[in-house]
Amino acid sequence: MVLKRWLYLLHRWAGIALCLVMALWFLSGMVMLYVGYPKLTPAEQRQGLTPLPAEACCVPLAQAQQAAATQHGQPPGAARQWRLNTVAGEPRYFFSFGEGHGQRLVAVDARSGAAIRAIDAEAALASARHFARGAEARLLARLEGEDAWTHSRALDPHRPLYRIEVDDAERRWLYVSGRTGEVVRDATLTERRWGWIGAWLHWLYMFRGGPLDGIWTDLVIWLSLAGGVLALSGMVVGVWRWRFKGRYKTGSRSPYREPVARWHHLLGLAGGSLALTWVLSGLFSMNPWKLFEAPGPRPDRIALAGGRLQAGQGPEAGAALRAQEQAVLAIEWRRVDGQQHLLLQGAGGAQWLVDAQGRRVPERLLPGARVLDEGEEWLRGYDRYYYAREAHTMTGQRERPLPALRLRLDDAEQHWVVLDPATGAIVQLSNRRQRAERWLFAFLHSFDLPPFLNARPLWDGWMLGFSLAGLALSLSGVVMGWRRLRGQRAGAWGEAVV
């Protein structure tokens, strides 16, 4: 009896503290089913680019490398990534030095060969106008830190950012890199309006970028964990109070007379397990205490893909561009099977690999991978680990081409590598812990198996139905908690009948 009493008290006061947070999570989660946090998807980025000029395009690659290395204070071969596309209609090289939080980007004017030291407001406006196909643009702010729609560590190498409003059909805000001049994020009016009660609220972004920024991750983790305790304790209490044999004096199996308390009890019994798995899967999305990080050294994606790019050996962009029959929007240098090639990107997401003379390279695969017996699998369609989501979802910007080749490697963490056979590019790299996260987070949070996603609108009905039930469960808890805090005794509104 003492244990029961303490569990009742735990659930009551945890509910008073957390039911409003849970209600807001369910409400914002429903919004996020259809409107996600702003991002610039690869398709949107391509729409803002113009084809690279085939003639008089660029200074030699080595000259651009030297300019970038001098700007960064590094030898020419230190850059990990080389690419070329247009900014405001003009070709520009981009070189990436370092990785992670220490990554640094350097842009080089491809016509003059001069490194670009900084982007001013006028250049940022020109980039935004060109990206928006000539729409009127006005500068809103120069951001040294984050605002509501740029909470992303991936944007750190581009800061400061210019926030620019363009008068196009979607009333977008474009964010222009203060390092390279590229548009790196867009936020439509729809995303901004719904985002306040969607992703911004769901991820507690009101605590990002300010005095509490340093504890934001811990705050989300511990609130999610506390929500799990609330849901679990409620399930136990709900079962204890339900009469499986016989009925209470009112004729009901639930002891509560007041409608709000009774509905809270019934909804908790019916959907408590879903509420529990949903809040815990949200916890797992934060990778708490690094549960899904494999011990030991991480695989070197560059080494797996063929090794580091070698300065002085890269094919020239001009020759490759002149050899193509279709327009090229962007170029990235890749090392595949020990040789350096160019990965060309065209309209509609088309990609193809060419050699130094611009000739297409046949399908290439990863060299040197230790593949398990029967560990090679061709993917002609999506499966439970390799699949695409809609662009507005959290992982929707990841392009998943088909067909693809999956290799299961013989290492301690059982890595799987998925390759695009047309380019040799790694499109997915996962270990056994990350595959467990796929179930503990992605599946339990959004039921994202391909057969379910393809069964719309049934999937929508399921997601909205259980979210509405969770919202009703949480709001009924808010009402009861408010009454408790106002001093109304339980007998007036929800005391159990004995």
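Conventions and cut-offs
- Residues numbered from 1 in each chain as written.
- Predicted model: local features only at pLDDT ≥ 70, side-chain atom pairs only at ≥ 80, totals over all residues.
- Heavy atoms only, no water.
- Pairing = 2+ DSSP bridges.
- Helix = DSSP H or I, 4+ residues; strand = E, 2+ residues; numbered from the N terminus.
- Axes fitted to C-alpha atoms, helices over the stretch in contact; angles between N-to-C directions.
- Buried < 20%, exposed > 50% of the residue type's maximum accessible area, 1.4 Å probe, protein only.
- Contact = heavy atoms within 4.5 Å.
- Salt bridge = Lys/Arg side-chain N within 4 Å of Asp/Glu carboxyl O.
- Expected span 1.5 Å × (residues − 1).
- Bend = angle between axes of the 7 residues up to and from the residue.
- Polar contact = N/O pair within 3.5 Å; in protein donor to acceptor, adjacent residues only side chain to side chain.
- pLDDT = per-residue confidence, 0-100.
- Phe/Tyr/Trp six-rings, centres within 6.5 Å; stacked < 30°, edge-to-face > 60°.

### Observations regarding the sheet that holds strand β6 (residues 161–166)
A sheet is described by the order of its strands in space; here 4 strands give the open sequence β5-β6-β7-β8, paired in antiparallel fashion. The sheet is open, and its two borders are formed by β5 (137–143) and β8 (183–187), each paired with just one other strand. Averaged over all pairs of adjacent strands, the angle between their axes in this sheet comes to 25°, without regard to strand direction. With 4 bridges connecting them, strand β7 (residues 173–177) and β8 associate as antiparallel partners. Bridging across to β8, Leu174 finds its partner in Asp186.

### Digging into the environment of Ala425
As for its placement among the helices and strands, Ala425 is situated in strand β15 (residues 425–430). A residue is classified by how much of its surface remains accessible, and Ala425, at 11% relative accessible area, is buried. The spacing of Ala425 and Leu204 is 221 residues in sequence and 35 Å in space, taken between C-alpha atoms. Ignoring any residue separated from it by four or fewer positions in sequence, one finds Ala425 in contact with Arg334, Val418, Leu419 and Asp420.

### A closer look at the pattern of salt bridges
Following the criterion strictly, the structure yields 28 salt bridges and no others. When the shortest N-O distance is used, the salt bridge between Glu90 and Arg111 registers 2.6 Å. One end of the pair, Glu90, is in strand β2 (residues 90–97); the other, Arg111, is in the loop between β3 (104–109) and β4 (115–116), with 21 residues separating them in the sequence. On the basis of relative accessible area, Arg111 is assigned to the partly exposed category, the value being 41%. Across the pair Arg433 and Glu413 runs a salt bridge whose closest N-O atoms are separated by 3.9 Å. Taken together, the positions of Arg433 in helix α11 (residues 432–446) and Glu413 in the loop between β13 (404–409) and β14 (416–420) put the pair 20 residues apart, joining distant regions of the chain. Residue Arg433 is classed as partly exposed on the basis of its relative accessible area, which comes to 29%. The exposure class assigned to Glu413 is buried, which follows from its relative accessible area of 9%. Several salt bridges converge on common partners, so that one network encompasses Glu146, Arg153, Asp156, Arg159, Arg208 and Asp213.

### With respect to the sheet that holds strand β10 (residues 339–345)
As summarised here, the arrangement of the 7 strands in space is β4-β3-β2-β1-β9-β10-β11, forming an open sheet in which the pairing is antiparallel. Of all the strands in the sheet, just β4 and β11 (351–354) have a single pairing partner and so form its edges. As paired strands, strand β1 (residues 81–87) and strand β9 (residues 330–336) are joined by 3 bridges and run antiparallel to one another. By the bridge assignment for β9, Leu84 is matched with Ile331.

### Regarding helix α8 (residues 259–284)
Between its first and last C-alpha atoms α8 spans 35 Å; for 26 residues at 1.5 Å apiece the expected length is 38 Å, and the two agree. Where α8 bends most, the angle comes to about 65°, and this point is Gly271. In this structure Glu258 caps α8, since a side-chain oxygen of it lies 2.7 Å from the backbone nitrogen of Val260.

### Quick look at the environment of Pro51
Along the chain, the position of Pro51 falls in the loop between α2 (42–47) and α3 (61–72). Along the sequence, Pro51 and Asn85 sit 34 residues apart, while their C-alpha atoms lie 8.1 Å from each other. If sequence neighbours within four positions are ignored, Pro51 has contacts with Thr86, Ala327, Val328 and Leu329.

### What to know about the confidence of the model for the chain
In regions of low pLDDT, the predicted coordinates are not meant to be interpreted in detail. This prediction gives the chain a mean pLDDT of 89; 93% of its residues lie at or above 70. Counting interchain partners and residues more than four positions distant, the pLDDT-below-50 stretch residues 365–371 has 21 contacts.

### Notes on unusual backbone geometry
Omega for the peptide link from Arg159 to Pro160 comes to 5°, which places this bond in the cis form. A cis geometry characterises the amide bond from Arg456 onward to Pro457, with omega recorded as 10°. Mapped onto the secondary structure, Pro457 falls in the loop between α12 (450–453) and α13 (458–485). Within the chain, Leu204 stands out as a residue other than glycine whose phi angle is a positive 55°. Relative to the elements of secondary structure, Leu204 occurs in the loop between α6 (199–202) and α7 (216–241). Looking at Leu204, the relative accessible area reads 8%, which means it is buried.

### Structural notes on the packing of aromatic side chains
Counted by the stated rule, this structure contains 21 aromatic pairs. When the centroid spacing of 4.5 Å and the interplanar angle of 15° are considered together, the rings of Phe26 and Trp278 count as stacked. Here Trp278 lies in helix α8 and Phe26 lies in helix α1 (residues 2–32), a separation of 252 residues in the sequence. Given the relative accessible area of 2%, Phe26 is considered buried. Using a relative accessible area of 7% as the deciding quantity, one classes Trp278 as buried. Among the aromatic residues, those joined into a ring-pair cluster are Tyr385, Trp416, Trp439, Phe443, Phe447, Phe452, Trp462 and Phe466.

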